[in-house]
Amino acid sequence: MNCKDFDLYASAYIDNMISDEEKLDFENHINKCENCKVAFQNLKIIVKSTNNIEEVELPQNFSDELRQKLEAENTCKSENKFPNKIKILTGVVAGLLITVMSLSLLNNYLINQNMDKQMDIAKTERNNNIKENSEFKTESEELTQERKVAPKTMSIESFDENNEAELDNTTASEDKAKVQGEIPKENKIKIVNPVITSILVLGIGFFIYRFLRR
Amino acid sequence: MKTLSLDESSLIEKSKAGDVESFEELIISHKKKIFNIAYRMLGNLEDANDVTQEALVKAYRGIKKFNEKSSFSTWLYTIVNNACIDFIRKNRKDNVVYLDREYETEESSYTLQINSGEETPEQAFEKKEVQRLVHKAINKLSDDHRRIIILKDIKQFSYKEISEIIDCSEGTVKSRLSRARKNLKTIIEENLKN
């Protein structure tokens, strides 16, 4: 060995963590090299002084303080068991709520779309009905005019028919009014429903978040 | 390190079930050593007290995860070692000048244990002076070097135990220890010159 290896050899030599061969090598070197010999003597003194550093005593209230902390840890554990279950439960409930909400949102959207289609169909059908009815009306008017000329016995029948036609007319106009009145109503539902649901979802999400943070 | 004795394993089992007294018995032979490691690592008694308490509570909390195939003391000292390193890292941000920590004076509520059996007051004073010098020099070492000096030269752990505690190879322990001792020697020599 040479002086460069001194530190590693000297340290391991002190701890007896060196092979016999290395030990002999090291001893030979320090017998020849005065610098390394002095350095080794100093290192030994320092290691010995460090070994002899006396222990400090534990603070007087150390054990009491520790016991309090350990017991607090125990009570914490038992208290935590319950809230943990609640947390998991609220988590599950929140997840379910959000799924249900989003599903209903999607459902509403699909229903609205379907209703639109149905309404379009209904509208065209009703328009056709109205047209048919008005055609029927003119036909019945013509009929009554014709029947005015007919004998009196027929007038009762024509009166009945007339009444029926009038009734048909009123129902047709009612239908028309219904169709006109329903369109804005349906539109309102379509706009308001997703907004309300999303606000609800956000609100519930916020409350769950606050609850969990607490 | 010795394998788990029957007593130790039954105490560990009880501690796992949440028995504070069993845990206290389990650590009774270690707590002073732990406190001293923390004291040498952190350089002052108050921090050492906080960190030791914290490490022991952490150990109590984590004892359920303790694998009984390994040694309890190594496991415990690893927790303490990590707690010290964490504390140093946290506090380094606030206080960069950690090298100048002074030796605790006898005025503090803590007292040094002195074996004054056969020593004259002069000898005791001289011994204290040497200790003061070494303590000061240890505090000037880097964290890694200080830790290894504390574990090997103050607490007399074996190379194998140290390698387990600080999670490295025995070869690393050997070379790091040699560098740490060299640095310690240099610091002390410089202090003596001044």
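Residues numbered from 1 in each chain as written. Chains lettered and ligands numbered in written order. Predicted model: local features only at pLDDT ≥ 70, side-chain atom pairs only at ≥ 80, totals over all residues.

Colleague: Describe the overall build of chain B, with residues and values.
Modeller: Regarding its fold elements, chain B presents nine helices and zero strands. When the helices and strands of chain B are listed from N to C terminus, the series reads α-α-α-α-α-α-α-α-α. The buried share among the 194 residues of chain B stands at 35%. The long-range fraction of contacts in chain B, counting pairs at least 24 apart against all pairs at least 6 apart in sequence, stands at 67%. (Helix = DSSP H or I, 4+ residues; strand = E, 2+ residues; numbered from the N terminus. Buried ≥ 20, exposed ≤ 12 C-beta atoms within 10 Å, placed from the backbone. Contact = placed C-beta atoms within 7 Å.)

Colleague: Explain the overall build of chain A residue by residue, including any values.
Modeller: When its secondary structure is counted, chain A shows five helices and zero strands. Listing the helices and strands of chain A from first to last along the sequence gives α-α-α-α-α. Buried residues in chain A amount to 10% of all 214 residues.

Colleague: Tell me about the environment of Phe40 of chain A, and please be specific about residues and values.
Modeller: All names here are of chain A. Take Phe40: it is sitting in helix H3 (residues 34-51). Under the C-beta neighbour-count criterion, Phe40 is labelled buried, with 20 such atoms within 10 Å. It is 9.3 Å that separates the C-alpha atoms of Phe40 and Ile14, two residues lying 26 residues apart in sequence. Beyond its immediate sequence surroundings of up to four residues, Phe40 is in contact with Ala10 and Ile30.

Colleague: I'd like a description of the environment of Ile86 of chain A, backed by residues and values.
Modeller: All names here are of chain A. Within the element layout of this structure, Ile86 appears in helix H4 (residues 62-149). Ile86 gets classed as exposed once you count the C-beta atoms within 10 Å, which come to 11. Along the sequence, Ile86 and Leu212 sit 126 residues apart, while their C-alpha atoms lie 9.4 Å from each other.

Colleague: Can you explain the nonpolar core? Please cite residues and give values.
Modeller: Among the nonpolar cores identified, the biggest contains 59 residues, and Ala38, Ala55, Val80, Ile149 and Leu184 of chain B are the most heavily contacted of them. Other than its neighbours up to four places away in sequence, Ala38 of chain B contacts Ala48, Val51, Thr52, Val80 and Cys84 of chain B. (Core = buried A, V, L, I, M, F, W, Y, C linked by C-beta atoms within 7 Å.)

Colleague: Which residues make up the interface of chain B and chain A, and what values do they have?
Modeller: On the chain A side, the residues contacting the 40 residues of chain B number 29 residues. Here the side of chain B that touches chain A gets 10 residues from one element, more than from any other, and that element is helix H9 (residues 170-193) of chain B. Tallied by class, residues from the side of chain B that touches chain A come to 19 nonpolar, 11 polar and 10 charged. (Nonpolar A, V, L, I, M, F, W, Y, C, P; charged D, E, K, R; others polar.)

Colleague: Report on H9 of chain B, specifying residues and quantitative values.
Modeller: Along its 24 residues, H9 of chain B runs 34 Å from first to last C-alpha, staying within 8% of the 34 Å computed at 1.5 Å per residue. Restricting attention to buried positions, one finds in H9 of chain B the residues Val173, Arg176, Leu177, Ser178, Ala180, Arg181, Leu184, Ile187 and Ile188 of chain B. (Expected span 1.5 Å × (residues − 1).)

Colleague: Any details on the packing of helix H3 (residues 31-42) of chain B against helix H7 (residues 143-154) of chain B? Residues and values, ideally.
Modeller: Angle between the axes and distance between the axes: these two values describe a pair of packed helices. Residue and element names in this part refer to chain B. Look at H3 against H7: their axes get within 9 Å of each other, and the N-to-C directions meet at 140°. Relative to H7, H3 is oriented oblique. Crossing of H3 over H7 shows right-handed handedness. On H7, the residues touching Ile37, Arg40 and Met41 of H3 are Arg146, Arg147, Ile150 and Ile154. (Axes fitted to C-alpha atoms, helices over the stretch in contact; angles between N-to-C directions. Parallel < 35°, antiparallel > 145°, perpendicular 65-115°, else oblique. Left-handed = near helix turned anticlockwise from the far one by under 90°.)

Colleague: Give me the packing of H3 of chain A against H7 of chain B: which residues, what numbers.
Modeller: Between H3 of chain A and H7 of chain B, whose axes approach to 8 Å, the crossing angle comes to 80°. Considering the angle they form, H3 of chain A stands roughly perpendicular to H7 of chain B. Of the residues in H7 of chain B, those touching H3 of chain A at Val47, Thr50 and Asn51 of chain A are Ile149, Asp153 and Ile154 of chain B. Split by residue class, the contact of H3 of chain A with H7 of chain B holds three nonpolar, two polar and one charged.

Colleague: Provide a residue-level description of the confidence of the model for chain A, including the pertinent values.
Modeller: A low pLDDT means the predicted coordinates there should not be read in detail. Residues and elements named next belong to chain A. For chain A, per-residue confidence averages 74 on the pLDDT scale, and residues scoring 70 or more make up 66% of the total. The least confident element of chain A, judged by mean pLDDT, is helix H5 (residues 152-213) at 59; the most confident is helix H2 (residues 20-32) at 93. Low pLDDT, under 50, characterises residues 150-159; the predicted model gives this stretch five contacts beyond four residues in sequence or across chains. In the model, residues 176-183 has pLDDT below 50 throughout and makes three contacts with residues more than four positions away in sequence or in other chains. (pLDDT = per-residue confidence, 0-100.)

Colleague: Any details on unusual backbone geometry? Residues and values, ideally.
Modeller: With a phi angle near 60°, Asn16 of chain A is a residue other than glycine that sits in the positive phi range. For Asn16 of chain A, the location among the structural elements is in the loop between helix H1 (6-14) and H2. Here Asn16 of chain A falls in the exposed class, since 7 other C-beta atoms lie within 10 Å of it. Residues other than glycine seldom take positive phi values, yet Asp167 of chain B does so here, at roughly 55°. By the secondary structure assignment, Asp167 of chain B is in the loop between helix H8 (159-165) and H9. The class of Asp167 of chain B is exposed, set by 11 C-beta atoms lying within 10 Å.

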